[in-house]
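Coordinates in review
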Amino acid sequence: MHLNKICPVCHQSFEARRKDQVYCTYYCRKKHHKETYYSKNRIVEDINDEENTGVILRQFRCKKCHELVTVVNKHDRRTIFCSPRCEKLYWKHPKKIINKN
Ligand SMILES: [Zn+2]
Ligand SMILES: [Zn+2]
């Protein structure tokens, strides 16, 4: 038996092989997770409704780009940087600040 579902990432319809299958592929699933946990200034509806209360758990400014980050998901472990990119850039030159974009 197949269930027709719409993938929340690529918005394509697909046939779910399992009742609890949410994404069309493993890649979409992975992509969604990444976007959820590293989105900037965006309160994202979580994949798991039970985990998402919509309550702001913490807010902080990214140490690298000074962007305000809002954390609403308890699985979101960000406390210093808004994205892995900022973290990487920050640690790459920990001593001198380079003004180059
Ligand atoms: Zn998809
Ligand atoms: Zn940043």
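Before reading on, note that the structure itself is shown above.
Below: a short report on this structure. Note that the structure is a prediction, hence the values are computed from the model and not measured.

Cut-offs and rules
- Residues numbered from 1 in each chain as written.
- Chains lettered and ligands numbered in written order.
- Predicted model: local features only at pLDDT ≥ 70, side-chain atom pairs only at ≥ 80, totals over all residues.
- Heavy atoms only, no water.
- Helix = DSSP H or I, 4+ residues; strand = E, 2+ residues; numbered from the N terminus.
- Buried < 20%, exposed > 50% of the residue type's maximum accessible area, 1.4 Å probe, protein only.
- Contact = heavy atoms within 4.5 Å.
- Areas by Shrake-Rupley, 256 points an atom, 1.4 Å probe, with all protein chains shown as cover.
- Salt bridge = Lys/Arg side-chain N within 4 Å of Asp/Glu carboxyl O.
- Donors = N, O, S within 2.8 Å, 3.2 Å for Na, K, Ca; no water.
- Tetrahedral: all angles 85-135°; square planar, octahedral: opposite > 155°, others 65-115°.
- Pairing = 2+ DSSP bridges.

**A few points about the overall build of the chain**
- A tally of regular secondary structure across the chain gives two helices and four strands.
- Counted from the first residue to the last, the chain has its helices and strands arranged as β-β-α-β-β-α.
- Expressed as a percentage of the 101 residues in the chain, the buried residues total 27%.
- Across the chain, every contact between residues at least 6 apart in sequence was considered, and the portion connecting residues at least 24 apart equals 20%.
- For the chain, the exposed surface amounts to about 8300 Å²; the carbon and sulfur share of it is 51%.

**Thoughts on the pattern of salt bridges**
- Using the criterion set out here, one finds two salt bridges in the structure.
- Asp20 serves as the salt-bridge partner of Arg18, at 2.9 Å between the closest nitrogen and oxygen.
- Judged by relative accessible area, Arg18 falls into the exposed class, the value being 52%.
- Given the relative accessible area of 52%, Asp20 is considered exposed.

**What about the coordination of the zinc ion (ligand 2)?**
- Only Cys62 (SG), Cys65 (SG), Cys82 (SG) and Cys86 (SG) from the protein coordinate the zinc ion (ligand 2), and they sit 2.3 Å from it.
- Spacing between the donor residues of the zinc ion (ligand 2) along their common chain follows C-x2-C-x16-C-x3-C. With Cys65 in the loop between strand 3 (58-61) and strand 4 (68-71) and Cys86 in helix 2 (residues 84-92), this pair connects stretches of sequence that are 21 residues apart.
- The exposure class of Cys86 is buried, given its relative accessible area of 4%.

**As for the coordination of the zinc ion (ligand 1)**
- The protein atoms that coordinate the zinc ion (ligand 1) are Cys7 (SG), Cys10 (SG), Cys24 (SG) and Cys28 (SG), at distances spanning 2.3 Å.
- Metal-centred angles of 102 to 115° between the four donor atoms at the zinc ion (ligand 1) mark the site as tetrahedral.
- Along the chain, the residues donating to the zinc ion (ligand 1) fall in the pattern C-x2-C-x13-C-x3-C.
- On the basis of relative accessible area, Cys28 is assigned to the buried category, the value being 10%.

**Remarks on unusual backbone geometry**
- Not every positive phi belongs to a glycine, and His11 is a case in point at roughly 60°.
- Within the element layout of this structure, His11 appears in the loop between strand 1 (3-6) and strand 2 (13-16).
- Here His11 falls in the exposed class, since its relative accessible area comes to 59%.

**Focus on the pairing of strand 2**
- Relative to strand 2, strand 1 runs antiparallel, the two being bridged by four bridges. Looking across to strand 2, one finds that Ile6 is bridged to Ser13.
- Hairpin remark: strand 1 followed by strand 2, antiparallel, with six residues in the connecting loop; positive phi at His11, about 60°.

Nothing here speaks to function; it is all geometry.
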